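This is what each chain is made of:
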Amino acid sequence: MTQDIERSLRDHASVGSAAVTVEDDRVVAFVVPAAESLSLRELRTALADTPDEFVVLPALPLAGDGTPDWAELSRSRGDLRRRRQPYVAPRNDMERYLAGLWEDLLGVEDIGADDDFFTLGGHSLLAVRIRMRLQRDHGVTVPPEVLFENSVLHEQAAVVESMREA
Amino acid sequence: MTLALDLTDRVLHSTEDLSEFWRDLRHNNPVHWLDPTDGGPGFWVLTTYEHVSAVYRDTKHFTSERGNVMDALRAGGDSAAKRMLSLTDGPRHAGIRSILMKTFSKRGVEQVGTRIRSVARSLVESALAAGECDFAKDVAAPIPLMAICDLLGVPEEDRWRIFDLTSSMVASETPDHTQKDAWRNKNEVLFYFANMAEGRRVEPRDDIVSLLTAAQIENAGLTEDEIIFNCYSLILGGGETTRMSIGGAVLALIQNPSQWQALKSGAVSIDSAVEEVLRWTTPSMHMARTALSDVEIGGKLIRAGDIVTLWNVSANRDETVFDSPDTFDLARTPNKHVTLGGGSHFCLGAHLARLEINAVLTALRDMVSGMELAGEPRRIYSNFLGGVCHVPVSLR
């Protein structure tokens, strides 16, 4: 099962490399994007069998013999889990819109209303991408400090919504 | 003399004369481990010419791919890592560098040469007509800004806004500048070039942004991230550093009347003077690398993963390489300073920087008969860029 998923992941054009294992009774797929962005939503739709969770990494850590370094991968998963907030489902259109946008930009699934952009790896250029998408999809030009000061999803949604109405 | 100075302090470099500190390190502790007072990651401080230039050339043991300045590396790495030319090593670096070299080669920069020389003359002419000016603001700032904006394709009406943003990304004119201000300004610049790149994809013009959006390496275009981060890097590298050198040149000429006379009389060539201005001003005070494997330097063991900072400001005053290093000597020869770095990451804009400084020194020599300070010069605050942002002078 894990090997099948691993094989189909590796065959997918948007995936550079992948390693799949079972941890805490969950099938966990570690993936390295082939290009600069990777939509896990699209990846999930494209796969016949899907893992329980994804962890997106910039590179796959390897042990001395060239096989995946599972201990290091497990630490990456632990690190990502620590950076997550307990899941609170997005509650309105703007929260759902931003959650989807963050998921694609950050390579993290199930973004919740209490998650924090910077804690999850958001940086300057990703903030630029949010601003460009908000400009295109909602016609608002959001100053950078607004994203910096409102880095929790529900706060960001509220301030963008108020700018859109103004 | 204490070795307890904290080099991460951005105010220190602006307010203190660190010459004694650097001399002491070069002599007694040339490969020095520093633990900053903020409790964050420590790093190596390399201060001799020999070590600094050796690390620039040693791409086997040292990488730029995690970041190349102290602050970014201490924060865990630069978000532009591997997507900005200066933060990329290996074949990708060579590929992108060769695309940009078309513009930044000696011949390439001549496309703006005539304009730079004529703008330098007209700015000096205005300063002469006014009698007094702030040379850093009125002459040193607009020349590199105009040149890099011409090359990038940034329209006239946006330039001073871009200048205000870039001049407060890695440095500032006030000591109380916050991280948030820096982040905000950096983000605005990235946003500006992201929009510009989008426009150039649809409607290419004869400029660097269009060149980058159309470029192909091994049958693939550059990524959006690479384009935006490289524009950011070019506007910062092109606009900020040479501004420091030009402002610093005038200050040094006023403080060293015999050198001004030597320039004026033609006793030294402009080319030779440009090199001494570069050595003397050293706008990039330091650069940084990360060790890839354990390596010994000067009898100290540097461990894989350690941050290594290379202090150009100290290497350029190394008495084992430069005779009377603390003397501003326009005729100095040889003058193999490390102001523009070294090795594969040697400053991409070196020819442009030299052209700009050359244009200003030529205009001064040909048009100005005397210069005096008309107020207190002021330095920028930064632990990376060093130099003057205000130099009030009277010209005649």
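Values in this document were obtained by computation on a predicted structure and should not be read as measured data.

Caption draft 1: Summary view of the layout of surface pockets. Residues and elements named next belong to chain B. In this structure, the second largest pocket occupies an estimated 840 Å³ of space. For the lining of the second largest pocket, the secondary-structure elements that each account for two or more residues are helix 1 (12-15), helix 2 (19-28), helix 13 (224-255), helix 15 (270-281) and helix 16 (312-315). Tallied by class, the residues present in the lining of the second largest pocket amount to 12 nonpolar, 11 polar and nine charged.

Caption draft 2: Main features of the domain arrangement of chain A. All names here are of chain A. Taken domain by domain, chain A consists of domain 1 (2-83) and domain 2 (93-165). With 11 residues of domain 1 in contact, the opposing surface of domain 2 contributes 11 residues. Note on domain 1 versus domain 2: buried area summed over both sides is about 850 Å², and carbon and sulfur give 41% of it. When residues of domain 1 are sorted by the area they lose upon contact with domain 2, L40, R41 and R83 head the list and together hold 56% of the total. Linking domain 1 to domain 2 there are three salt bridges. In this structure, the salt-bridge partner of E109 is R44, at a minimum N-O distance of 2.6 Å. Put simply, domain 1 and domain 2 have five residue pairs in polar contact (both at pLDDT 80 or more) between them. Of all the elements in the fold, those that place two or more residues in the side of domain 1 that touches domain 2 are helix 2 (40-46), strand 3 (53-56) and helix 3 (70-83). Grouping the amino acids of the side of domain 1 that touches domain 2 by side-chain chemistry returns five nonpolar, one polar and five charged.

Each value, and the rule that gives it
Residues numbered from 1 in each chain as written. Chains lettered and ligands numbered in written order. Predicted model: local features only at pLDDT ≥ 70, side-chain atom pairs only at ≥ 80, totals over all residues. Heavy atoms only, no water. 1 Å grid on protein atoms, 1.4 Å probe; cavity = no way out; pocket = protein on both sides within 12 Å on 5 of 7 lines; lining within 4 Å. Points joined across faces, edges and corners; volume = space filled by probe spheres on them. Helix = DSSP H or I, 4+ residues; strand = E, 2+ residues; numbered from the N terminus. Nonpolar A, V, L, I, M, F, W, Y, C, P; charged D, E, K, R; others polar. Domains from an automatic or database assignment. Contact = heavy atoms within 4.5 Å. Buried area = accessible area lost by both parts, 1.4 Å probe. Salt bridge = Lys/Arg side-chain N within 4 Å of Asp/Glu carboxyl O. Polar contact = N/O pair within 3.5 Å; in protein donor to acceptor, adjacent residues only side chain to side chain.

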